[in-house]
Amino acid sequence: MKILHVSECLSAGVLDVVLRLARQQSLLGHEVSVLHVPRDNTPNTSELVSMFGDIQVRTVGSASDGLAKRLLRLRREAKETAREGEHDIVHLH
C-alpha cells in the first residue's frame, strides 16, 4: 500500500507518533511518505532524514509563514500529493 502522513506539526509527541507509525508501516513493506509544514521547533531537514531513513519526508513552506498560510499550503500540497501518488491511505495528524 501507499501511505501518506500529513501533519501541520512535526515535533515533540506528534513527531514521535508519526515516526513510529511510518517506520512500522515501512517495515511491513508499505510505501510511506510524510508531508509537513515546519515550525520553529521542527527538527531541520538533515535531522528528519536521519530519523526517517528511506521514508520520504517533504517540507512545505516556511516556519516564518503565518499559521493560516502554512495550513493553506499544506492543504493544497496534501491534495495534490494524494491525487498524484494515488495513495491508498492518508493519515491526517
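Structure's up top.
Overview of the structure. (Residues numbered from 1 in each chain as written. Predicted model: local features only at pLDDT ≥ 70, side-chain atom pairs only at ≥ 80, totals over all residues. Heavy atoms only, no water.)

**Overview of the overall build of the protein chain**
Next, step 1: Tallying secondary structure elements over the protein chain gives three helices and four strands in all.
Next, step 2: For the protein chain, the succession of helices and strands along the chain, N to C, is β-α-β-α-β-α-β.
Next, step 3: Scaling as 2.2 N^0.38, a compact globule of 93 residues should have a C-alpha radius of gyration of about 12 Å, and the protein chain matches this with 12 Å.
Next, step 4: In terms of overall dimensions, the protein chain has a C-alpha envelope of 35 × 25 × 20 Å along the principal axes. (Helix = DSSP H or I, 4+ residues; strand = E, 2+ residues; numbered from the N terminus. Rg over C-alpha atoms; globule rule 2.2 N^0.38 Å.)

**Observations regarding the pattern of salt bridges**
Next, step 1: Enumeration over the complete set of coordinates arrives at six salt bridges.
Next, step 2: D16 is the partner of R20 in a salt bridge, and the nearest nitrogen-oxygen pair spans 3.1 Å. Linking R20 with D16, this pair stays in helix α1 (residues 12-27), spanning four residues, or about one helical turn.
Next, step 3: Under the relative-accessibility criterion, R20 is labelled exposed at 58%.
Next, step 4: Between E77 and R58 there is a salt bridge, and its shortest N-O distance comes to 2.5 Å. Residue E77 is located in helix α3 (residues 67-85), and its partner R58 is located in strand β3 (residues 56-59); the two are separated by 19 residues in the primary sequence.
Next, step 5: Its relative accessible area of 18% is what places E77 among the buried residues.
Next, step 6: Judged by relative accessible area, R58 falls into the partly exposed class, the value being 28%.
Next, step 7: In this structure, a network of salt bridges that share partners links the residues E8, R39 and R70. (Salt bridge = Lys/Arg side-chain N within 4 Å of Asp/Glu carboxyl O. Buried < 20%, exposed > 50% of the residue type's maximum accessible area, 1.4 Å probe, protein only.)

**Observations concerning the side chain of H87**
Next, step 1: Along the polypeptide, H87 turns up in the loop between α3 and β4 (89-92).
Next, step 2: Those residues in contact with H87 that sit more than four places away from it in its chain are K2, I3, L4, S33, T81 and A82. (Contact = heavy atoms within 4.5 Å.)

**Looking at the sheet that holds strand β1 (residues 2-7)**
Strand pairing in a sheet is mediated by backbone hydrogen bonds. Such pairs are either parallel or antiparallel.
Next, step 1: The strand order across the open sheet formed by four strands is β3-β2-β1-β4, and the pairing between neighbours is parallel. Every other strand in the sheet has two partners, leaving β3 and β4 as the edge strands with one partner each. Going from strand to strand, the sheet's axes swing by 15° on average, the running direction of each strand aside.
Next, step 2: Inspection of the sheet shows β1 paired to strand β2 (residues 31-36) by six bridges, in the parallel sense. If you follow L4 over to β2, its bridge partner there is S33.
Next, step 3: Along the sheet, α1 makes contact with β1, β2 and β4, crossing β1 at roughly 175°. (Pairing = 2+ DSSP bridges. Axes fitted to C-alpha atoms, helices over the stretch in contact; angles between N-to-C directions.)

**What about the nonpolar core?**
Next, step 1: Counting residues in hydrophobic clusters, the biggest one holds eleven residues: I3, L10, L15, V18, L19, A22, V32, V34, L48, F52 and I55.
Next, step 2: For this core, the secondary structure elements donating two or more residues are α1, β2 and α2 (45-52).
Next, step 3: If you tally residues by element for this core, the top one is α1, at four residues.
Next, step 4: Excluding residues within four positions of it along the chain, V34 makes contact with H5, L10, V18, A22, F52, I55, Q56, V57 and R58. (Core = buried A, V, L, I, M, F, W, Y, C linked by side-chain atoms within 4.5 Å.)

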